[in-house]
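Chain by chain, the residues:
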Amino acid sequence: MRVLLTVSYDGTNYCGSQIQENGNTIEEELNKALSSIYKAPVKTDGASRTDSGVHAKGNLFVYDIEDENAFVAEKVSYALNSRLPSDIRVIDSRQVPPDFHPRYQNSEKTYVYRILNTEFDDPLRTRFTYHYHRGLDTALMNEAASYLVGEHDFSSFASEKATVSTFVRTLFSCEVTRDKDEIVIMVRGNGFLYNMVRIIAGTLVEVGAKKYAPSYVGEILMKKSRSFAGPTAPAKGLTLLKIELKGAEQ
């Protein structure tokens, strides 16, 4: 039996979502809790690999379990949440076909990047926002963001550590809004490169601070080189909001 989990987490204390040797991860915590439930080793596999310190509202993970050990899939979330740390919660669990994997489905991912634009940081929001104390012009940032919408080679907005066969991705929307003292960058696309949203955020901050003209973002795309884009914004401001599966049986 294959089970799909929708997982929300505060990534502050974790070295990303994917299991690794150099620190605790979301998958490791899920695996430990599931293995406790089933009294057998269980390994999860995520749809989207978030970096160290990045949060998620709705990341997706799957795991397989033999039928004789099966726990009712819809009830797994309750059993898991009683075993997981308080900064990880499974908000939905359901059985899916054995060949289903969210990573290989046609999907749209939505990320949100939050900037606290105040003179002083707020201790109650510091885990989930990037504090930037200088003034930022959100109208200029939003104009710049429009150059990123569509299908492009996003080489300039990918970490030099990215190892992919193509840097072409499609952004369906990229919008910048202000909610009182918070600036929100909302990005929706069919896929994202390593550090892509954080580099977009860092570049748009440079535009908002009037270091770049909005049109320069279009030039950055054409350069196809990481050296032309702005800095990589801190991980803590980034949240994977949701993954929408298109036309997939769930």
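Anything mentioned here points back to the structure above.
Here is what the cut-offs are and how they apply
Residues numbered from 1 in each chain as written. Predicted model: local features only at pLDDT ≥ 70, side-chain atom pairs only at ≥ 80, totals over all residues. Heavy atoms only, no water. Salt bridge = Lys/Arg side-chain N within 4 Å of Asp/Glu carboxyl O. Buried < 20%, exposed > 50% of the residue type's maximum accessible area, 1.4 Å probe, protein only. Helix = DSSP H or I, 4+ residues; strand = E, 2+ residues; numbered from the N terminus. Pairing = 2+ DSSP bridges. Expected span 1.5 Å × (residues − 1). Contact = heavy atoms within 4.5 Å. Polar contact = N/O pair within 3.5 Å; in protein donor to acceptor, adjacent residues only side chain to side chain.

A. Seen up close, the pattern of salt bridges. Tallying each qualifying case throughout the model produces twelve salt bridges. Taking the shortest distance from any N to any O, the salt bridge between Arg 125 and Asp 122 comes out at 2.9 Å. The exposure class of Arg 125 is partly exposed, given its relative accessible area of 23%. The closest approach of N and O atoms between Glu 206 and Lys 211, which form a salt bridge, is 3.5 Å. Residues joined in a network through salt bridges with shared partners are Arg 114, Asp 122, Arg 125, Asp 181 and Glu 182.

B. Quick look at the environment of Ser 36. Relative to the helices and strands, Ser 36 is located in helix α1 (residues 26–38). For the pair Ser 36 and Pro 123, spaced 87 residues apart in the sequence, the C-alpha separation amounts to 35 Å.

C. Looking closely at the pairing of strand β10 (residues 238–245). Here two bridges tie strand β3 (residues 55–64) to β10, and the two strands are oriented parallel to one another. Bridge pairing in β10 links Ala 56 to Leu 240. Strand direction decides the pairing type here: strand β5 (residues 107–116) and β10, joined by seven bridges, are antiparallel. Bridge assignment links Tyr 111 to a residue of β10, and that residue is Leu 240.

D. View of α1. The first and last C-alpha atoms of α1 sit 18 Å apart over 13 residues, in line with the 18 Å expected at 1.5 Å per residue. For α1, the complete set of buried residues consists of Ile 26, Glu 27, Glu 29, Leu 30, Asn 31, Ala 33, Leu 34, Ile 37 and Tyr 38. Those residues of α1 hidden inside the fold are in contact with β1 (2–9), β2 (45–46), β3, α2 (76–81) and β4 (88–96). The N-cap residue of α1 is Thr 25: its side-chain oxygen and the backbone nitrogen of Glu 28 are 3.2 Å apart. Lys 39 sits one or two residues past α1 and shows a positive phi near 60°.

As far as function goes, none of this settles anything; it's purely spatial.
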